[in-house]
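Breakdown of the fold
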Amino acid sequence: MAELAMSIAKLPVFYKQRDLLFYPAWAYALPTWVLKIPITFVEVGVWVFITYYVIGFDPNVGRLFRHYLLLLLVNQMASGLFRFIAAAGRNMIVANTFGSFSLLMLLALGGFILSHDDVKKWWIWGYWSSPLMYAQNAIMVNEFLGKSWNKNVTYSTESLGVEVLHSRGFFTDAHWYWIGTGALLGFIIVFNICYTLCLEYLNPYENPQAVISEEFGNAKTGERGEEMVEVSAEANHNKKKGMVLPFQPHSITFDDIRYSVDMPEEMKSQGALEDRLDLLKGVSGAFGPGVLTALMGVSGAGKTTLMDVLAGRKTGGYIEGNITISGYPKKQETFARISGYCEQNDIHSPHVTIYESLLYSAWLRLPSDVNSETRKMFIEEVMELMELIPLRDALVGLPGVNGLSTEQRKRLTIAVELVANPSIIFMDEPTSGLDARAAAIVMRTVRNTVDTGRTVVCTIHQPSIDIFEAFDELLLMKRGGQEIYVGPLGRHSSHLINYFEGIQGVNKIKDGYNPATWMLEVSTMAQEVILGVNFHEAYKNSDLYRRNKDLIKELSQPVPGTKDLYFPTQYSQPFFTQFLACLWKQRWSYWRNPPYTAVRFLFTTFIALMFGTMFWDLGTKRTRQQDLFNAMGSMYAAVLFLGVQNAQSVQPVVVVERTVFYRERAAGMYSALPYAFGQALVEIPYVFAQAVVYGVIVYAMIGFEWTAAKFFWYLFFMFFTLLYFTFYGMMAVAATPNQHIASIVAAAFYGLWNLFSGFIVPRNRIPVWWRWYYWICPVAWTLYGLVTSQFGDIQEKLLDSDVTVEAFLDYYFGFKHDFLGVVAAVIVAFVLLFFFIFAYAVKALNFQRR
């Protein structure tokens, strides 16, 4: 399966180069195959030479190397198969689904889970076309026809090895080793040829187009953005908008702000002596209501760092200095309630509409005394302000894949913050990545926001003249985290231009030149060296600096008659309302995500029908040991494949939602536990429906005993098993930094759970020093429950061993029917354990570093 992800990741580059006629498909496919061969030799060598003699296989050296050769071919066959599936599927969802189907088919019809003698005639074609069947038979005859198994059996004329092969339905002829080897070679060639043909003839899927706003749908493409959208402050000052919900305007002042982090080891190794690296060095300023302030500077000047410090978004480092809100010291808990932060990356849940995104934000962030009607009226006003009315029912989608365009997402990001009715809004590069027209649209909506009387601060990078002149004030920083201009821009940036032209040696601005570009060019460190001027010192010695200091001092004192910010609770809404809101959004997100929910149901139904026809009526057969092994094999394969599919498929969903969660929690929308409860609870009806669909189909077709108790025990164990696998996948994501690490960590445990499930090696045959792991393996408890609930009370005798079914299960597997209640309790406990670890990890771990 690892080959699958790697092959798909490389496909976009291949398609581009193929279409530009760099090379034919075979020239790309052949090196991919050949380069895997030496890796295979090493991988298989490590496995075989460590395990062969430790497990106690036949000591003959010839058999050791034949074992090695066979596993080499199996590895190459599997690589070829999954490369072929990757090239045919072309995206992870399709390829993963087909990959899981293929793996299930190969294993179920490989001769181990269901013996050759019990394969139904309508599935015998699958048995003969399964590469694992040839591999399984070849490796079995290689081992069991060896000298260590050439012992007499009292009740038979054949050797012990041949008896074992007969009992499990494997072939006993020695030449089956070479048949298996030849078949695997053939499969390797066929799969690689199919991979090459898919590369040659299949094209990548087309990406859906972004939603286009209706109001601009008919605009002529030749028109320039600046001509279409007027964003200057003067044009909007006459259109000040009133809002349904009143808000208290607030100013923010900051004096001598310093921010440092621990000195990176790389810089220490290059001779840096200090323990800390200063990123901000004594920055001061004030932002007032109804004023749009630009935070500017070259890359590395500390623009976003300053904004994160002021907004309280930093997760590490050391902050010094004074920050006041309308004259009172800033407290992050209360500040989060009256402020908004629009991140540069527009992070939203992809499967909800624009209106639902705003409704959700308003529901959680507006005070609880605001009724539903007022809230909806306020949302409508915000949508009109942000020009989102024509897009109200558009799904947000994933950036660059589907849904909204970049500019529309920017406006949604601002609207999501605005519906919280904040007094102060921070925006991190609202125009980055946009063309001139889109940037102008966004800046017009930003200007609309300022004209409601709010305090708005934007970091901005290389704005056009029109966008730059939409700002009222500027805080300009130089590399190293020091301010070099803090003050008003003036009409046509006159105040800024006069200030810099007043510094000796600075070149005058040319007519028509962009003041934003000019000021960055004349204030570079290179210019400082040429002119012999330190712009920070020049600013500190200016009248402007002194006026700013007086303003900071004035605004740092509370206005008589005002009170400090106070809220009786940390969050706007109580715990239960937070939970309901999170559950409401997750319900829509799941309902509108068919690649996750529908594919899971199709996968489950397909496996149920496949197993039903494959193990048809085997539940009624209880006369041989192999009958019990077959029934247990159906349970083992279903639990492992459906469970792992659930755990794997939930991970991308949780990863996307976790990124949104980081933004929403930082905004003070809710605490971690309501989110975790909502994320977990929304899975339960889907998993329950999945368990019922699988349980009813399989139970009827396999022919297990139709009593209410046994049927409901079967459903109970399937439901809670699928649920703990799903929660385990969620837990793996919550406890790790990203999806790749989560997949690796989760896969390691799938292997262990498979090994200690009690099917491959029964508990009584597991070495004593490893038996403890059987008792903490959830799959082992599931199989214990499923097998015991169906067969643990049956008193019929087995014809091939003259003991009852109940006694056989007890001595061979260690399963006791009286223990069923304990098993059920432990299965539920695993569900609760994985859920609580997920909830704790969401609450305690933050992998977003700022």
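Residues numbered from 1 in each chain as written. Predicted model: local features only at pLDDT ≥ 70, side-chain atom pairs only at ≥ 80, totals over all residues. Heavy atoms only, no water.

**Quick look at the overall build of the protein chain**
Helix and strand counts for the protein chain come out as 34 helices and 12 strands. Principal-axis analysis of the C-alpha atoms gives the protein chain an extent of 110 × 60 × 60 Å. By residue count, 54% of the 850 residues in the protein chain fall in the buried class. In the protein chain, the share of contacts with a sequence separation of at least 24, taken over all contacts with a separation of at least 6, comes to 78%. Of the roughly 37,400 Å² that the protein chain leaves accessible, carbon and sulfur atoms contribute 62%. Charge centroids of the protein chain, computed over 69 positive and 73 negative side chains, lie 2 Å from each other. (Helix = DSSP H or I, 4+ residues; strand = E, 2+ residues; numbered from the N terminus. Buried < 20%, exposed > 50% of the residue type's maximum accessible area, 1.4 Å probe, protein only. Contact = heavy atoms within 4.5 Å. Areas by Shrake-Rupley, 256 points an atom, 1.4 Å probe, with all protein chains shown as cover. Lys, Arg positive; Asp, Glu negative; His and termini not counted. Charge placed at Lys NZ, Arg CZ, Asp CG, Glu CD.)

**Considerations on the sheet that holds strand E10 (residues 455–459)**
Note on sheets: strands pair through backbone hydrogen bonds, and any given pair is parallel or antiparallel. One open sheet holds the 6 strands; their spatial order is E7-E9-E10-E4-E11-E12, and the pairing between them is mixed. The open sheet is flanked by strand E7 (339–342) and strand E12 (482–488), the only strands paired with a single partner. Strand-to-strand, the axes of this sheet are offset by a mean angle of 15°, without reference to chain direction. In terms of strand pairing, E7 meets strand E9 (residues 424–428) through 4 bridges, oriented parallel. The residue bridging Ser339 from the neighbouring strand is Ile424, located in E9. Packed on one face of the sheet, helix H19 (residues 494–501) meets strand E11 (473–478) and E12 and runs near 135° to E12. (Pairing = 2+ DSSP bridges. Axes fitted to C-alpha atoms, helices over the stretch in contact; angles between N-to-C directions.)

**A word on the nonpolar core**
Core analysis: the largest hydrophobic core is formed by 163 residues, its most contacted members being Leu199, Phe611, Tyr694, Phe725, Val779, Phe791 and Phe838. A per-element tally of this core places helix H26 (residues 625–666) first, with 20 residues. Residues within four places of Tyr694 in sequence aside, it is in contact with Thr604, Ile607, Ala608, Phe611, Ser634, Ala638, Leu642, Tyr714 and Met718. Of all hydrophobic cores here, the second largest spans 92 residues; its members include Leu359, Met443, Val456 and Tyr539. (Core = buried A, V, L, I, M, F, W, Y, C linked by side-chain atoms within 4.5 Å.)

**Section: the environment of Gly161**
Residue position: Gly161 is located in helix H7 (residues 160–167). Taking relative accessible area as the criterion, Gly161 reaches 0% and is therefore assigned buried. Those residues in contact with Gly161 that sit more than four places away from it in its chain are Phe144 and Trp149.

**Some thoughts on the sheet that holds strand E3 (residues 276–287)**
An order of E3-E2-E5-E6 is seen for the 4 strands of this open sheet, with the pairing classed as antiparallel. At either end of the open sheet lies a strand with only one pairing partner, and these are E3 and strand E6 (328–329). Sheet contacts for helix H23 (residues 543–555): strand E2 (252–262), E3 and strand E5 (318–325); angle to E3, the most-contacted strand, approximately 75°.

**Some points on H19**
Within the sequence span of H19, burial applies to Leu496, Ile497, Tyr499 and Phe500. When H19 is viewed along its axis, its buried side chains cluster within an angular range of 160° and face the same direction. Lining the buried residues of H19 we find helix H18 (465–468), E11, E12, helix H20 (515–522), helix H22 (535–540) and H23. (Arc of directions from axis to C-beta.)

**Describing helix H6 (residues 131–144)**
Residues lying three or four places apart along an α-helix face the same way, a consequence of the helix completing one turn every 3.6 residues. Relative to the 20 Å expected for 14 residues at 1.5 Å per residue, H6 spans 20 Å between its end C-alpha atoms, a close match to the ideal helical length. In terms of burial, H6 is a largely internal element, 12 of the 14 residues being buried. The inward-facing, buried residues of H6 abut helix H2 (25–55), helix H3 (61–89), helix H4 (92–108), helix H5 (124–128), H7 and helix H8 (176–201). (Expected span 1.5 Å × (residues − 1).)

**Digging into the side chain of Ser523**
By the element assignment, Ser523 lies in the loop between H20 and helix H21 (525–531). Relative accessible area serves as the criterion here: at 8%, Ser523 is assigned to the buried category. For Ser523, the side chain forms a polar contact with the main-chain oxygen of Met519, separated by 2.6 Å. If we ignore the near neighbours within four places in the chain, the residues touching Ser523 are Leu476, Ile484, Phe500 and Phe535. (Polar contact = N/O pair within 3.5 Å; in protein donor to acceptor, adjacent residues only side chain to side chain.)

**Here we look at a nonpolar patch on the surface**
Taken together, the side chains of Trp26, Leu30, Val34, Ile37, Phe41, Val42, Val46 and Ile50 present a nonpolar region at the surface, about 760 Å² in accessible area. Relative to the helices and strands, Val46 is located in helix H2. (Patch = residues over 30% accessible without salt bridge, like charges linked within 9 Å, V, L, I, M, F, W, Y side chains within 5 Å. Salt bridge = Lys/Arg side-chain N within 4 Å of Asp/Glu carboxyl O.)

**Some remarks on the environment of Cys198**
Residue position: Cys198 is located in helix H8. Along the chain, Cys198 and Gly633 lie 435 residues apart, while their C-alpha atoms are 35 Å from each other. Discounting chain neighbours no more than four positions away, the residues touching Cys198 are Phe84, Ala87 and Ala88.

**Details of the pairing of E11**
With 5 of 6 residues buried, E11 is to be regarded as a mostly interior element. Of the strand pairs in this sheet, strand E4 (residues 292–297) and E11 are connected by 5 bridges, and their pairing is parallel. Pairing of Leu295 across the sheet is with Leu475, part of E11. Direction of pairing for E11 relative to E12: antiparallel, over a ladder of 6 bridges. Bridge assignment links Leu475 to a residue of E12, and that residue is Val486.

**Quick look at the pattern of salt bridges**
Tallied over the full model, the rule gives 26 salt bridges. The partner of Asp256 in a salt bridge is Arg258, and the shortest N-O contact between them spans 3.6 Å. Owing to a relative accessible area of 36%, Asp256 belongs among the partly exposed residues under this scheme. Between Asp793 and Lys710 there is a salt bridge, with its nearest N and O atoms 3.2 Å apart. Pair noted here: Asp793 is in the loop between helix H32 (778–791) and helix H33 (805–813) and Lys710 is in helix H29 (residues 708–734), with a separation of 83 residues, a long-range link. One continuous salt-bridge network, built from bridges that share partners, spans Arg365, Glu417, Lys585, Glu657, Arg663 and Glu664.

**Points about the environment of Asp800**
Relative to the elements of secondary structure, Asp800 occurs in the loop between H32 and H33. Spatially, the C-alpha atoms of Asp800 and Val94 are 45 Å apart, while their sequence positions differ by 706 residues. Those residues in contact with Asp800 that lie beyond four places of it in its chain are Thr623, Arg624 and Gln625.

**Overview of the packing of aromatic side chains**
Using the criterion set out here, one finds 89 aromatic pairs in the structure. Each ring, one from Tyr699 and one from Trp706, has its centre 5.1 Å from the other, and the planes form 70°; the classification is edge-to-face. Residue Tyr699 is classed as buried on the basis of its relative accessible area of 0%. Taking the centre distance of 4.8 Å and the plane angle of 80° together, the rings of Tyr812 and Phe813 count as edge-to-face. Pairwise contacts between aromatic rings join Phe629, Tyr774, Trp775, Trp781, Tyr784, Phe808, Tyr811, Tyr812, Phe813, Phe815 and Phe819 into one cluster. Arg337 extends its terminal NZ or CZ atom over the ring of Phe567, reaching a point 4.3 Å from the ring centre. Residue placement shows Arg587 over the ring face of Trp588; its charged tip is 4.5 Å from the ring centre. (Phe/Tyr/Trp six-rings, centres within 6.5 Å; stacked < 30°, edge-to-face > 60°. Lys NZ or Arg CZ within 6 Å of the ring centre and 35° of its normal.)

**Looking at a negative patch on the surface**
A contiguous patch of negative charge on the surface is contributed by Asp262, Glu274, Asp275, Asp278 and Glu320. Positionally, Asp262 belongs in strand E2.

Function-wise, these values are silent; they only describe arrangement.
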